[in-house]
Amino acid sequence: MALLRSILLATDYRQSSQAAAEAVVRLAAAFGSRVTALHVREQFLTWPVSPFEYQDRLTQFLTDRKVDLAEFLVHAGAPAETVVRKAQELDADLLVIGAGEKIRDGHLVVGPIGESILERASSPVLALNPHGPKLRFGSILCPVDHSRVSQRALEDAIQFARSFGGRLVVLSVVPEVSWLAAAAETGHVSGAKLEHEAQWVKEFDEFLAGVSFDGVEWERELRRGVPHEQITAAAKERGADLLAIGATGRSGVVRVLLGSVTRRVLRHLPCSVLLVKDQTVFEEQFLLDLDVIDRLVGEGQDRLAAGAPAEAA
């Protein structure tokens, strides 16, 4: 099984943080992860109840559920900066936060601290939406733009789906483009928009062909339109409890810059979101698995050359 060794749970003791703690319990149980909890409070902040009382409650919640809690840290300072720095110091495989409490027009909007963490953290970030579907990793939506970063997000989505028996939908949105932009992209004037779409679909198929979905129930979906609108709509229609998305994507005349798409999705967050950048949640163990496989193959070849086929097998 792929390894998720270290999780940093950043908490502000609000409702979204409780949802984050519940997700950490599920992850730690599935992967045997060691968890560090962190609470950051602004200096001179006054609380109606001692923050240490909240700390004791959360510690009890995690230990009662057999979570391997390394330590519970309390720091004073700028929350986003402190959380990001601590994740780097711990070399956390995953940073888990609450997505915020602010509701606008019936949609959850990630607060400024959460948004700053999502933008600045180098490690993958799992942001919990306490007002959306309960996160069980049962229905996962992964929008891709066929870039390397979106492939990393898809690899993590596959691991979660495989580990929790979830169903995965891989979504690609053909973006709306003008005739002039499509002509510049394809190099053809006649039928430029149709050719642009055909190229996009071909790239999507080639992208999927390079990914292993062994042991995962999945399907592909193709939509057309404004990417962030179609992603949000698909998440709602599918009842997704997790949206796994790359933080940055392709650039070019008619390419999707997934960074801007991601920011728009976060403004109308339909469910919890896993944001992946250059580092994947499971990449380190995947590379370790490859090293082990190479070593075993080498040993097998040596035994075969020595005339011991049974040992080689």
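Residues numbered from 1 in each chain as written. Predicted model: local features only at pLDDT ≥ 70, side-chain atom pairs only at ≥ 80, totals over all residues. Heavy atoms only, no water.

A word on the overall build of the chain
Rule in force here: Secondary structure elements are defined from DSSP: runs of H or I of at least 4 residues count as helices, runs of E of at least 2 residues count as strands, and each element is numbered from the N terminus. Partly exposed residues are those whose accessible area sits between 20% and 50% of the maximum for their type, while under 20% is buried and over 50% is exposed, using a 1.4 Å probe and protein chains only. In what follows, residue pairs with any heavy atoms lying within 4.5 Å of each other are defined as contacts. Only the protein chains shown count as covering a residue, and every accessible area follows the Shrake-Rupley method with a 1.4 Å probe.
Scanning the chain from terminus to terminus reveals eleven helices and twelve strands. Out of the 313 residues belonging to the chain, those deemed buried represent 50%. Of the contacts made within the chain by residues no fewer than 6 positions apart, 79% connect residues no fewer than 24 positions apart. Counting only carbon and sulfur atoms, one obtains 51% of the accessible surface of the chain, whose full area is about 15,000 Å².

Considerations on the confidence of the model for the chain
Close inspection of predicted coordinates is inappropriate for parts of the model with low pLDDT. Heads up, the rule is: Confidence of the predictor in every single residue is expressed as pLDDT, which spans 0 to 100.
When the pLDDT values of the chain are averaged, the result is 83; 81% of them are 70 or greater. A low-confidence stretch, residues 178-184 (pLDDT under 50), is modelled with 15 contacts involving residues beyond four sequence positions or located in other chains. Low confidence marks residues 249-258, where pLDDT is under 50. Its contacts with residues over four positions away, or in another chain, come to 35 contacts.

Some details on the pattern of salt bridges
Charged atoms that come close allow side chains of opposite charge to pair. Where we set the bar: Here, a salt bridge means any Lys or Arg side-chain nitrogen found within 4 Å of an Asp or Glu carboxyl oxygen.
In this structure the tally under the stated criterion is 16 salt bridges. Ionic pairing is found between Glu155 and Arg148, a salt bridge with its closest N-O pair at 3.5 Å. Residue class for Arg148 comes out partly exposed when judged on its relative accessible area of 38%. Ionic pairing is found between Glu237 and Arg223, a salt bridge with its closest N-O pair at 2.5 Å. Taken together, the residues Glu237 in helix H8 (residues 227-238) and Arg223 in strand S10 (residues 217-225) connect sequence positions 14 residues apart. Linked by salt bridges that have partners in common, Arg167, Glu217, Glu219, Glu221, Arg223, Glu237 and Arg238 make up one network.

With respect to unusual backbone geometry
Positive phi is not limited to glycine here, since Tyr13 has a value of about 70°. With respect to the secondary-structure elements, Tyr13 resides in the loop between strand S1 (6-10) and helix H1 (15-31). Although it is not a glycine, Phe137 adopts a positive phi angle of roughly 60°. Along the chain, Phe137 turns up in the loop between strand S7 (125-128) and strand S8 (139-143).

Side note on the nonpolar core
Test applied: Residues grouped as a nonpolar core are buried Ala, Val, Leu, Ile, Met, Phe, Trp, Tyr and Cys residues, joined through side-chain atoms within 4.5 Å.
Formed by 51 residues in total, the largest nonpolar core has its most connected members in Leu126 and Leu168. Those residues within four positions of Leu168 in sequence are excluded, and the remaining contacts are Ile140, Cys142, Leu154, Ala157, Ile158, Ala161, Phe213, Val216, Glu217, Trp218 and Glu219. Among the nonpolar cores identified, the runner-up in size contains 38 residues, and Ala99, Ala247, Val265 and Leu269 belong to it.

Here we look at the side chain of Ser33
Here Ser33 shows up in the loop between H1 and strand S2 (34-41). What makes Ser33 buried here is its relative accessible area of 2%.

Considering the side chain of Thr11
Tracing the backbone shows Thr11 in the loop between S1 and H1. Every residue in contact with Thr11, bar those within four places of it in the chain, is listed here: Ser17, Leu38, His39, Val40, Leu58 and Phe72.

Some details on the packing of aromatic side chains
Put simply, the test is: Paired rings are identified among Phe, Tyr and Trp, the last through its six-membered ring, by centres lying within 6.5 Å, and are further divided according to the angle between planes into stacked (under 30 degrees), edge-to-face (over 60) and tilted (the rest).
Overall, the coordinates contain seven aromatic pairs when judged by the stated rule. An aromatic cluster is built from Phe31, Phe137, Phe160 and Phe164, whose rings are joined through pairwise contacts.

Observations regarding the sheet that holds S7
Note the following rule: Note on pairing: DSSP must find at least two bridges between two strands before they are called paired. Axis geometry follows a simple rule: fit a line to the C-alpha atoms, using only the stretch in contact for helices, then measure angles between N-to-C directions, giving values from 0 to 180 degrees.
On the basis of which strands lie adjacent, the open sheet formed by ten strands has the order S3-S2-S1-S4-S7-S12-S11-S8-S9-S10 and mixed pairing. Whereas interior strands pair on both sides, the edge strands pair on one side only; in this sheet they are strand S3 (68-76) and S10. Geometrically, the sheet is characterised by an average inter-axis angle of 20° between neighbouring strands, direction not taken into account. Note: strand S9 (residues 167-175) against S10, nine bridges, orientation parallel. Within S10, the position partnered with Val169 by the bridge is Glu219.

Considering helix H5 (residues 148-164)
So the rule is basically this: One less than the residue count of a helix, multiplied by 1.5 Å, gives the span that helix is expected to have.
A rise of 1.5 Å per residue sets the reference length of H5, with its 17 residues, at 24 Å; its end C-alpha atoms lie 25 Å apart and thus fit the reference within 8%. Taking burial as the measure, the 17 residues of H5 include twelve buried ones, the bulk of the element. Positioned one or two residues after H5, Gly165 has a phi angle of 70°, which is positive.

Some thoughts on the packing of helix H3 (residues 79-90) against helix H4 (residues 112-120)
To be explicit about the condition: By definition, any crossing whose near helix is turned counterclockwise from its far helix by less than a right angle is left-handed, and any crossing with a clockwise turn is right-handed.
Relative orientation of the contacting elements H3 and H4 amounts to 35°, with a least axis distance of 9 Å. In this structure, H3 meets H4 at a crossing whose hand is right-handed. Contacts between H3 and H4 involve Pro79, Ala80, Glu81, Val83 and Val84 from the former and Ile113, Ser116, Ile117 and Arg120 from the latter.

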